[in-house]
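# Chain and residue survey
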Amino acid sequence: MAVLRVCHLYPGELNIYADRGNIAVLRRRCEWRGHRLEVLEAGIGDPIPADHDLYYLGGGQDRDQLVVAEDLPATKAAALRSAMADGAVLLAVCGGFQLAGHGYTAVDGSRMPGIGLLDADTVAGPTRLIGDLVIEAELEGERHRVVGFENHAGRTTLGPGSVPLGRVSSGHGNNGADGGEGAVTGRAIGTYLHGPLLPKNPWLADTVIRWGLEHAGGAPVRLDPLEDHLEESAHAAAVARAGVRR
Ligand code: GLN
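Residues numbered from 1 in each chain as written. Predicted model: local features only at pLDDT ≥ 70, side-chain atom pairs only at ≥ 80, totals over all residues. Heavy atoms only, no water.

### Some details on the site of the ligand
Quick note on the threshold: Here a residue is near a molecule or strand as soon as one of its heavy atoms is found within 4 Å of it. By the criterion applied in these results, polar contacts are pairs of N or O atoms within 3.5 Å in which, for protein atoms, one can donate a hydrogen and the other can accept it, and in which residues neighboring in sequence qualify only through two side-chain atoms. All accessible areas in this document rest on Shrake-Rupley with a 1.4 Å probe, and a residue is counted as covered only by the protein chains that are shown. Numbering goes from the N terminus for both helices and strands, where a helix is a DSSP run of H or I of at least four residues and a strand is a run of E of at least two. Here the nonpolar group is Ala, Val, Leu, Ile, Met, Phe, Trp, Tyr, Cys and Pro; Asp, Glu, Lys and Arg are the charged ones; every other residue, Gly included, is treated as polar.
Taken together, 15 residues lie around the ligand, and Asp-62, Gln-65, Cys-94, Gln-98 and Gly-154 are the ones closest in. In this structure, an oxygen atom belonging to the ligand sits 3.0 Å away from a side-chain N or O atom of Arg-128. For the ligand, whose free accessible area comes to 300 Å², the fraction covered by protein is 98%. The element that contributes the greatest number of residues to the shell around the ligand is strand E8 (residues 142-158), accounting for four residues. When the residues that make up the shell around the ligand are grouped by side-chain class, the tally is four nonpolar, nine polar and two charged.

See the structure below:
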């Protein structure tokens, strides 16, 4: 039995589209394999430890994101940087993705600085990019279709320090123009995929669990396969709804 230590950042502020569902999936997929998940929730003003295996940042509306953007550099950025340098995992969704990058300029022009763990910068555009989103994701040379829902004003562009998580098959992705979705630097992943993300995408859930357990144990991990019939049906339904051919 192994223990995966997760630090859930700003569960009270960054919780749009059931971000807690992602934590629930991490918990169950660990428990089904006999592992244990420990979750530390850290809100505004709470300092965080640098020794956790997986850090999670969810999405939020601009007003919630503003409060978080003010707190992140003061109480959490240094620990996050040191955890990433140590090989810990970051999963950042939507507003969290924007703040894990260099920053987000909101519709009213206000700038929310990010913490630069991803080489991505975001500026809000005049319309929101909303709808079902299907991407062909690639991590460690493995390709999988990943599905979800997006709703963001931000247009994100990547610098050379990050690669996209995937290519858009249907939907808008980072900016509606270059076909990229999300950003990856090492074991830090940012994405616009909500839904929540992990219930319908067991491959991605298991990738971040495996990375986290490898950080915990300091050695390569092979996860036992699970019976994912329900998860695969939900995935297929999302692909069909988005109108992508199977
Ligand atoms: N406020 C950000 C935007 O609109 C992020 C939205 C979200 O997390 N859903 O781009």
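After presenting the structure, the write-up continues.
### A short note on the side chain of Arg-155
Here is the rule: Relative accessibility under 20% of the residue-type maximum defines a buried residue, over 50% an exposed one, and the middle range a partly exposed one, all with a 1.4 Å probe and only protein chains included. Just so you know, the count uses Lys and Arg for positive and Asp and Glu for negative, and it drops His and the chain ends. In the sections that follow, a salt bridge refers to a side-chain nitrogen of Lys or Arg positioned within 4 Å of a carboxyl oxygen of Asp or Glu. Contacts are assigned to residue pairs that have any heavy atoms within 4.5 Å of one another.
Here Arg-155 shows up in strand E8. The side chain of Arg-155 is buried and forms no salt bridge, while Glu-150, the nearest opposite charge, is found at 9.2 Å. Within the structure, the side chain of Arg-155 is placed 2.5 Å from the backbone oxygen of Thr-127, a separation counted as a polar contact. Look past the residues within four positions of Arg-155 in its chain and what remains in contact with it is Asp-121, Thr-122, Val-123, Ala-124, Gly-125, Pro-126, Thr-127, Leu-129, Asn-174 and Asn-175.

### Describing the environment of Arg-5
With respect to the helices, strands and loops of the structure, Arg-5 is situated in strand E1 (residues 3-9). For the pair Arg-5 and Asp-51, spaced 46 residues apart in sequence, the C-alpha separation works out to 8.5 Å. Excluding anything up to four places from it in sequence, Arg-5 contacts Glu-38, Asp-51, His-52, Asp-53 and Leu-54. Side chain to side chain, Arg-5 and Asp-51 meet in a polar contact 3.5 Å long.

### Observations regarding the environment of Thr-105
Mapped onto the secondary structure, Thr-105 falls in strand E5 (residues 103-105). Judged by relative accessible area, which is 18%, Thr-105 ranks as buried. Along the backbone, Thr-105 and Asp-121 are 16 residues apart, and their C-alpha atoms lie at a distance of 8.7 Å. Beyond its immediate sequence surroundings of up to four residues, Thr-105 is in contact with Ser-110, Arg-111, Thr-122, Val-123 and Ala-124. Engagement of the side chain of Thr-105 in a polar contact is seen with the side chain of Arg-111, the distance being 3.0 Å.

This is a description of form; function is not addressed.
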